[in-house]
Every structure is written in C-alpha cells, then in structure tokens.
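Structural overview for review
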Amino acid sequence: MNGKEELLPCVRMTVMTRPQESPQVSPCPQDFRVVVRIDSWESTSVYPNGHFVRVLGRIGDLEGEIATILVENSISVAPFSEAQMCEMPVNTPENPWKVSPEEERERKDLRKTHLVFSIDPKGCEDVDDTLSVRTLNNGDLELGVHIADVTHFVAPNSYIDIEARTRATTYYLADRRYDMLPSILSADLCSLLGGVDRYAVSVMWELDKTSYEIKKVWYGRTIIRSSYKLFYEAAQELLDGNFNIIDDIPEFRDLDEKSRQAKLEDLVWAIGKLTDIARHVRAKRDRCGALELEGVEVRVQLDEKKNIQDLIPKQPLEVHETVAEFMILANHWVAKKIWESFPHQALLRQHPPPHQEFFSELRECAKAKGFFIDTRSNKTLADSLDNANDPSDPIVNRLLRSMAAQAMSNALYFSTGSCAEEEFHHYGLALDKYTHFTSPIRRYSDIIVHRLLMAAISKDKKMEIKENLFSNKDLEELCRHINNRNRAAQHSQKQSTELFQCMYFKDKDQETEERCISDGVIYSIRTNGVLVFIPRFGIKGAAYLKNKDGLVISCGPDSCSEWKPGSLQRFQNKITSTTTGGESVTFHLFDHVTVRISVQASRCHSDTVRLEIMRNQPYMIPDTELFHQSSLLLKSDLVKEVTRSVEEAQLAQEVKVNIIQEDYQKYCQTKGRSLYTLLEEIRDLALLDVSNSHEI
C-alpha cells in the first residue's frame, strides 16, 4: 500500500445459498463456522456449487475461531498415529531412558566439565538450546552452544520423519502450540531440561581471553546435563546483581548456604561473561550493517492448569539479545561448515535486500521529524535508524524501525546449488552465510541442517557418510514446502493474537470502560484517514477521518470528535479535515491522539479492532502509576474477560456436540475421517515424495 491509497477493510469469503432455491433446511448450521468444498462453478451462474464438509465451531467461541484459523492456514493438528508413536523411545518411571554405553564412547561427555544452562521464557517446555562458557588452561575462553540432538531419535524417512516434514514447523498461537514432534521428544528426551542427561549437537569456540576473537571451532555430538533451567527475567536479575531472585530458581532451593553461594558465584560469572561476549559479537555485526528492527511480540501466559492467566508483550531484556546473539553465531558457523562440505546441496537461509521503493514511506515519515534515512545499504540504514531519535518521544524511533521492518523482503530457505554465492547474503543480520541449526525440536529445516552437519563431520574424518542427503533439486523442492508452512505459521500466530485482542475489547462498555480509551500515535497518512499505533496494547490499525456517509471528523480543543459535512485535504505529512461550517483540524505524522478502541463484529468475517479518534490531543491517564504500567499489555481485566469467554464456551460444549451430531446425521457426514480429509492426506503424502515432488 502506498501513501496515496485509501484505507480498505479486509474480509473473508462468505458462503451463501442461492436465494431462489429457498431451502426448507439451511445447508449448514446457523451461527457456526463450517468448511465447505467447492465442487464446480457454472460459467452462467454467480454462485458456485459445493457441499458441506464439517463444523468448526460456534461463531465467537474461542475454540471455533481457533479451528477456523487453522483451516484457513491449512494447518493439520491431528494426533500422531500409532505407527509414528511406535518409533518413539520410552521414558517412564518403570522404564526410564538413560544414556547408552555406545553413545558414551562416541560422544564428547560434558556433564562433569562444563557448566551448561538454558535461558528461556517462563513455562517453556521445548528447550532446544543451552549455553556454556569456561576458562581454559591457557587462559582463553571456551564458548559453547549445545542444541538438542533430535536426529538421534528421528531417522530419515521414518514415519515420524515424514510427519515432521509435512508439518515443517511447530505452530505457536497466542495461547497454545501444535508440536512438530511428539511430546516424548519435544517436551522430554529432546528438551534440554535441568538436571537430566541429554544428547546434544554442540558448537564450541575457543576465544581470545581479552579480544574475544575466535581462534578455533569444534563441531560434534555431545552428552550434557544442564545445571539450570532459567527464565529470562531471572537471568536478567542475576545479571543486574539482584540475587534475591534465586528463591525463584528451583535448583537453588535445597542447597546448604555454602554450596548455594559457590554455585551462585559460578552462575553469575557465566551469565556476565556470556553477556560481555555477546556485546562484542553484536558490535562486530553492527559494524557490518546488522539491523535492529522493532516488533511487538505478544504472548499468552498460562497457569499450571493451562488456563489463560495473562496476555502480555515481550519486554526487551539484555539477556534476550545475549541468547539471540549466540544462536545467530552458531547458525552462521554451521552454515559455513555445511556449505564448505556440500557446496551444491546445503540448506541455507537468505534475506535479499528490499526494493528501494518500499522505503519511500519510511523516508517520508522520518523527514517529517527532520531525520534523513539512508537506505542504500543495510549499514547506512542501521546508522540512520540509530540517529533517528526524538528525545521527547521515544515512540518515534520504535515506529521508524517498525516501518523499516515492514519494508523488508521475507527471509527464505534455499538450496545452495540453486543460486550464485553472492545471493546467499542475509541482509538483516549482515552475514554472508546463514542457516537454522538451533531449533530442531520445532523446525524441520534444522533437522536437515543437523544431518548435513553430521555428514560434514564424517567427511572430515574420512568416514562413511551415514546420513541420507537430498540432491539440490529435491532440497529446493523441500525448501519451497518449508517456506510455505512458515508463512502459514506466522499468519496463524498473528491472527490468533488479533483474536485475543478482539475478545478482550468485544464486550466492554465503550463509554465507561477506561481501558477502551488509550493514547495513539499517527504513523501514516491516507486519503481518507490515518494509521495509528497504540503502544499500550501493541495494536496497529486504521482510524477513518471520513465515514461511509461522507461526513468528516471534527475535533474541538476540549471536546470529543463529531461527524459533520465537510472535506479532507491530504498533504505530504499531514491531513486536514474542514467542515462546511469552517471548523478545521489537522493531524500530523507522529501526533499523539486520544483513541477509542472497540470491535467491529461480523458473523461472516473475523472480528476486527476498530479505532476512533476522540481528540486531537494525547491521552493522559490521571493515575501516574497506571500510566507507567501501561506498557504491560492486557493485565487482570483481560484475564478475567478471556477466561470468562472460555468458561462459557465449555458450558456450551454439550449443546454444541449435540448440534454437531444432529448435523452429521442430517447431512450424512461421518464422525470419523471424511473423504475430503483422506484426499487431503493423500495429496500431502504425494508432496513428500521428494524424488518427484514438483508440487511442494
């Protein structure tokens, strides 16, 4: 969308029946979302012919709306089959899993020599990466990134491998996830939990003790025992010197005071040293033009019973950057390794430079604040964004970085045999080669990369390569499939976040509910309105200045907005609304305005957040403390609201089941797998035949 286009609503397809038919019985249940199959469409008719497939759920019900999101993105969440589960290892109290003697002989054992620990979000079950740092005998440092060895348990072309290849990724929605691998792997034997033995694939670097420059690198299979499963906030507290947080770290609870103090000192040293190294590594990438782009990541916090406890934004912490920097480092070095060994059949990740015309709106907005954004390269762009700071309004820089992110091309997986080496570059990270190695629990691309890395190690040792590697053609087809599934995962996550935002605001009284009024920042001008960012809730949306009746907005200095006859005039960095009575109001880029948030409900389409400008002035919250806490998105009120909706849905479950059962009988739909589902599964299986997989 360029700056001159109008604000247009997004809609879903609506399924209708021919009005002339006047059926006695509706072809699908009222107030429910359903799946229909389009069978044919006569050229002489405006209506397609189709048949009812299945009911997804009641309109407005949480589970029904989630099911709709899954169907719209072609996401299958069927349970893992018996054949797939039979391939899984066993880990029960009666038959506990343990490291085999053969693996002990073949792997480097780090259990007694390295302080290994993980840093993840609270409640994270699929821990696929851990870190270590220690001082070597020569005084240099050894940095380690240890990744779950998923390929030890997932054999190529096994049933579970084929299923993981089909799913391609774990799907994370706002309040739940759908795993790529069974929980015995994703949440247990391949999750690098604290205090248990686990197989890993490690990358370890020897660093100069003062400059942190890399001297050597080692790749290989290891055995680790993570000492701590830290959450981000706890690691940040330890980094900041607040040691009271150790009461919240389970591994410290049963220690005597002497042991506790000794282990705390070792852990604090490790976190501090890792942070220092990460700063150095990041600075090196920054000098090459690495970009730091703004994004609002919203997550749903669940309690132990999986009930929705909170919906909050991800608060930026330095430990986030520390962990991310080491994952980037490992991905970069593994990318170099597999490309050197297999230059024509390595799976890498490229991020092409964006088209310059996509930056036009960014440059225009920055100019309105007196900033110049140089977009000739990632280095000049990064430097320009660093300099585009308004001391009186930090939101300006956040919005400019967000707009820069929107101008970016999508990063994609590719096979190195399909393009020239100069096209391998990752624009955003400022790296010549990059891949994904660090999350094999949740990304199939990483499983492929692990197999490539193991083959490269075998090749170096002049050993037989046991891994089944894809040819360039087959790998390119697989990359297309994985890229498609990644887009579906990103889209479904965004849709589910928007769903929860709508559920929170839907039943609020817009006149009396304080949280429905918020401060917004104008970040784009259109011919009939403006685009507004709500920092408090991480919402971006359109605010119309002309309604569908042709009336324009009128805002007095101390009064709420009204709709009156008049006209709009758009300029480069502002838009003016003038009524026929001569009243005029101008909205500039980066103006703070008071916005009312409501929900545009629809039976045919998904609900959408609606923004209305109330005053052409910033919204000031009387309670200062509440104002400082406003960045914490959707706290206790949201919890109560969304939980209430879920409880109501559960109470209605029995009624819904009865309705669905009646519909199955009425429309002769089986309760089991339908022919449609079977055909879809056959089609998906055809895509897995990589020897002839031109449809991926």
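Residues numbered from 1 in each chain as written. Predicted model: local features only at pLDDT ≥ 70, side-chain atom pairs only at ≥ 80, totals over all residues. Heavy atoms only, no water.

The name an unreviewed UniProt entry assigns to the protein is DIS3-like exonuclease 1, from the organism Rousettus aegyptiacus. The protein has a UniProt comment under Cofactor (unreviewed entry) that states "Mg(2+)". (UniProt positions renumbered as here; feature names shortened; annotations may be inferred.)

Quick notes on helix α11 (residues 395-406)
Taking 1.5 Å per residue as the helical rise, α11 with its twelve residues ought to reach 16 Å, and the 17 Å between its terminal C-alpha atoms agrees with that figure. Judged by how many residues are buried, α11 sits mostly within the fold: nine of twelve residues are covered. Among all positions of α11, only Ile395, Val396, Asn397, Leu399, Leu400, Arg401, Ser402, Met403 and Ala404 are buried. The elements touched by buried residues of α11 are α9 (360-368), α10 (378-387), β16 (517-525), β17 (529-534) and β18 (539-544). (Helix = DSSP H or I, 4+ residues; strand = E, 2+ residues; numbered from the N terminus. Expected span 1.5 Å × (residues − 1). Buried < 20%, exposed > 50% of the residue type's maximum accessible area, 1.4 Å probe, protein only. Contact = heavy atoms within 4.5 Å.)

Some remarks on the pattern of salt bridges
Within this structure, the stated rule accounts for 39 salt bridges. In this structure, Arg443 engages Asp446 in a salt bridge whose closest nitrogen and oxygen atoms are separated by 2.8 Å. The burial state of Arg443 is the same as that of Asp446; both residues are buried. One connected set of salt bridges, linked through shared partners, spans Glu104, Asp109, Arg111, Asp197 and Arg225. (Salt bridge = Lys/Arg side-chain N within 4 Å of Asp/Glu carboxyl O.)

With respect to unusual backbone geometry
Excluding glycine, a negative phi dihedral is what most residues carry, and trans is how most peptide bonds are arranged. Backbone geometry places Ser74, a non-glycine residue, at a positive phi of 55 degrees. Mapped onto the elements of the fold, Ser74 is located in the loop between α1 (62-72) and α2 (82-86). Its identity is not glycine, yet Ala430 carries a phi of approximately 60 degrees, on the positive side. Within the secondary structure layout, Ala430 lies in the loop between β15 (412-415) and α12 (444-460). The exposure class of Ala430 is buried, given its relative accessible area of 9%.

Considering the sheet that holds strand β21 (residues 574-579)
If you walk across this open sheet you meet the four strands as β19-β20-β21-β22, and the pairing is antiparallel. Single-partner strands in this sheet number two, and they are β19 (551-554) and β22 (584-588). Sheet twist, expressed as the average angle between the axes of neighbouring strands with direction ignored, equals 50 degrees. (Pairing = 2+ DSSP bridges. Axes fitted to C-alpha atoms, helices over the stretch in contact; angles between N-to-C directions.)

Here's the deal with empty space enclosed by the protein
For the structure on display, the rule yields three cavities of 30 Å³ or more. Here the largest cavity is characterised by a volume of approximately 60 Å³. Along its surface, the largest cavity is lined by Gln345, Ile448, Arg451, Leu452, Asn468, Leu469, Phe470 and Leu475. Take the lining of the largest cavity: its biggest share by element is three residues, from α12. A class-by-class count of the residues in the lining of the largest cavity yields five nonpolar, two polar and one charged. Of the volumes computed, that of the second largest cavity is approximately 40 Å³. Lining the second largest cavity are eleven residues; nearest its centre among them are Glu361, Glu364, Ser524, Ile525 and Arg570. (1 Å grid on protein atoms, 1.4 Å probe; cavity = no way out; pocket = protein on both sides within 12 Å on 5 of 7 lines; lining within 4 Å. Points joined across faces, edges and corners; volume = space filled by probe spheres on them. Nonpolar A, V, L, I, M, F, W, Y, C, P; charged D, E, K, R; others polar.)

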